[in-house]
Amino acid sequence: MKTLQDFLLSFPFKHVNPITPVGAELINYDSISSKPFDTGTSSDILVYLPYVNENRKRLSDDDVLQIMQLPQVVGVLIYYPRDLPIREQLKEIYELFKVPVVHLTYPLKETVLHEKASSNYRLIQDTHGTTIDELFQRSLSIRTAMAQPVTVMDQNFKSVTRPYEPEASSDWMQFLIQSRSKWLQLYYFHPERFVYEAGNQSTTLSCYPVYVQEEIRYFLITPKTDVEWYGRLLEYYALLLSLVSQQEEKVDELHLTFKSHFLHDLLYNNFKSEQALLEQAATWGWNLNEPNELVVIRVAAGENSQHLLHEGWRTELFDKLLKRFRQDHPTGMIEPFQNDIVLILRMGLSGRLKEYLQKVITRYMEDSEGIIIKAGIGKCYPKTKELNKSYQEAMMALKLGHEWSRENNVFHIEDLGVLRLLFYLNQDHLVEFSSSYLQPLIDSDQQHQTDYLETLKQWIIHDTSVQDTAEAMHFHPNTLRKRLQKVNNLLGVDIYNHEDFVNISIAVKIHTIDFFQTNVKNLS
């Protein structure tokens, strides 16, 4: 005996769009007919009709209403390659007769029915030219057919499928939202255990893992069901998600590799032909023929906050920032690079770039408690080959700005004043200058854990205010004065003397530059 459910499971999934629930009970039929009123048999039939017939006459909801009243009709299949205009009317008719209606976007031909029953043919049809985003949206068809919620979650237990409107505030969605934090703590490192223990949740689940490159990338979940054909449908959907995800990830990895190499060559001035570089950038839609501004975004956990953040916080925040920046600047180069995010934007924001970055960073820091986001901006140069200089300046601004202006989040190289001159000097000479003044403090801190260098740095940051420095370091002012006197004695200079103070201040600021981390090059 043939069933409607078996038919739907044999037809290419991408072309099947249930308009109404199909139901848990199997629907048996003897044949498929395009002329339900001409048949003289009482055998159960599936009715197959094109929305637009050979005479260009469109199927109306009244036509379907009459068909559904026939006792032998157990289901209706309607072919139309685009969205079905009478979809909502068909839902209303279903409520009267409970005869399921399925919209097919591919024509049904008796001569190829045996071909469509081939699992290989179906798999090829369903994966060819299909994107993962299209598959995510196909979950709506499954929800409709099963008449129960179906959700795809990523590794962070966040839904990647748009909730069906009636579900948006449902108990199901509330359950997912309320459970996410617990699931992250219990299963982030053990996704297989979540699959195994799905049936033990407060809302009992049926869970189908989606494997990509031998690890679980998504979870397909629905309230617990033992309906056999539901299980077959969900297993096939999980298989499609796995295959298409794997295809896309391989392509994405290839593109990311090319982009990473390209950015490395661009930012480190490692290319022979500027014209070849411009042409390569153009293949990704990036225009480097005009002056561009360069920004480096750095994300870090705040002091004493690391243990409060869930494991996937960095990846999740990176995704949000990349999405926001790409939406705001669709023609810009916005890519992750060496644990940071690099933005190369066509000159146009002028003085508003800092304001824009501050607004975005403030918004996401408010949404992500315990996370620090900083931005460094280099100067805008007219030539593409000078982008590497702008990158080094942005890194310098980020490092020095963070060390010497902690209340701010966005730093331009020109904000550093005379300090930006350090960028053009020989690194060995800078280190030698700094050490010649600070080595006694460095030795004392290493040998006796005295923290004199940090005390001196905080005193300089707070404009030599004893009161402000003491509050920042949680010292009594008299304790700070004694420390500063010890620093004075160790250095062998008078830190209260203007000339000595200037030299010491510059030496301390040079010492705070991690030349390896900021990738500052000698461009003199």
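Residues numbered from 1 in each chain as written. Predicted model: local features only at pLDDT ≥ 70, side-chain atom pairs only at ≥ 80, totals over all residues. Heavy atoms only, no water.

Caption draft 1: Main features of the packing of aromatic side chains. Under the criterion given, the structure shown has 24 aromatic pairs. For the ring pair Phe 136 and Tyr 218, a centre distance of 5.4 Å and an interplane angle of 75 degrees mean the geometry is edge-to-face. Residue Phe 136 is located in helix α6 (residues 132–137), and its partner Tyr 218 is located in strand β10 (residues 215–223); the two are separated by 82 residues in the primary sequence. Here Tyr 218 falls in the buried class, since its relative accessible area comes to 13%. Both rings, one in Phe 262 and one in Trp 286, keep their centres 6.0 Å apart while their planes meet at 35 degrees; by these two values the pair is tilted. Residue Phe 262 is found in helix α10 (residues 228–267), and its partner Trp 286 is found in the loop between α11 (274–283) and β11 (292–301); the two are separated by 24 residues along the sequence. In terms of burial, Phe 262 and Trp 286 fall into one category: buried. Put simply, the rings of Phe 157, Trp 172, Phe 175, Trp 183, Tyr 187, Phe 194 and Phe 219 touch in pairs and so form one group of aromatic residues. Taking NZ or CZ as reference, Arg 138 lies 4.7 Å from the ring centre of Phe 13, over its face. In this structure, Arg 363 packs its charged tip against the face of Tyr 364, placed 4.6 Å from the ring centre. (Phe/Tyr/Trp six-rings, centres within 6.5 Å; stacked < 30°, edge-to-face > 60°. Helix = DSSP H or I, 4+ residues; strand = E, 2+ residues; numbered from the N terminus. Buried < 20%, exposed > 50% of the residue type's maximum accessible area, 1.4 Å probe, protein only. Lys NZ or Arg CZ within 6 Å of the ring centre and 35° of its normal.)

Caption draft 2: Broad picture of helix α15 (residues 427–448). By the largest-angle criterion, Leu 438 marks the main kink of α15, which is about 65 degrees, and a proline, Pro 440, follows within four residues. For α15, the set of buried residues is Leu 430, Ser 434, Leu 438, Leu 441, Ile 442, Ser 444 and Asp 445. At the C-terminal side of α15, Gln 449 shows a positive phi close to 50 degrees. (Bend = angle between axes of the 7 residues up to and from the residue.)

Caption draft 3: Representation of the side chain of His 329. Relative to the helices and strands, His 329 resides in the loop between α12 (313–328) and β12 (333–337). Given the relative accessible area of 15%, His 329 is considered buried. Within the local environment of His 329, its side chain forms a polar contact with the side chain of Tyr 356, the two groups lying 3.3 Å apart. (Polar contact = N/O pair within 3.5 Å; in protein donor to acceptor, adjacent residues only side chain to side chain.)

Caption draft 4: Structural detail: the sheet that holds strand β8 (residues 151–153). Here 3 strands make up an open sheet; going across it, the order is β8-β10-β9 and the pairing antiparallel. Two strands in the sheet have a free side with no partner beyond their single neighbour: β8 and β9 (205–212). Pairwise comparison of adjacent strand axes, ignoring direction, gives a mean angle of 25 degrees for this sheet. In the packing of α10 onto the sheet, contacts are made with β8, β9 and β10, and the angle to β9 comes to roughly 25 degrees. (Pairing = 2+ DSSP bridges. Axes fitted to C-alpha atoms, helices over the stretch in contact; angles between N-to-C directions. Contact = heavy atoms within 4.5 Å.)

Caption draft 5: Representation of the domain arrangement of the protein within the structure. Once the domains are mapped, the protein shows domain 1 (1–116), domain 2 (129–267), domain 3 (271–422) and domain 4 (425–518). Each of domain 1 and domain 3 was reduced to a C-alpha centroid, and the two centroids are 55 Å apart. (Domains from an automatic or database assignment.)

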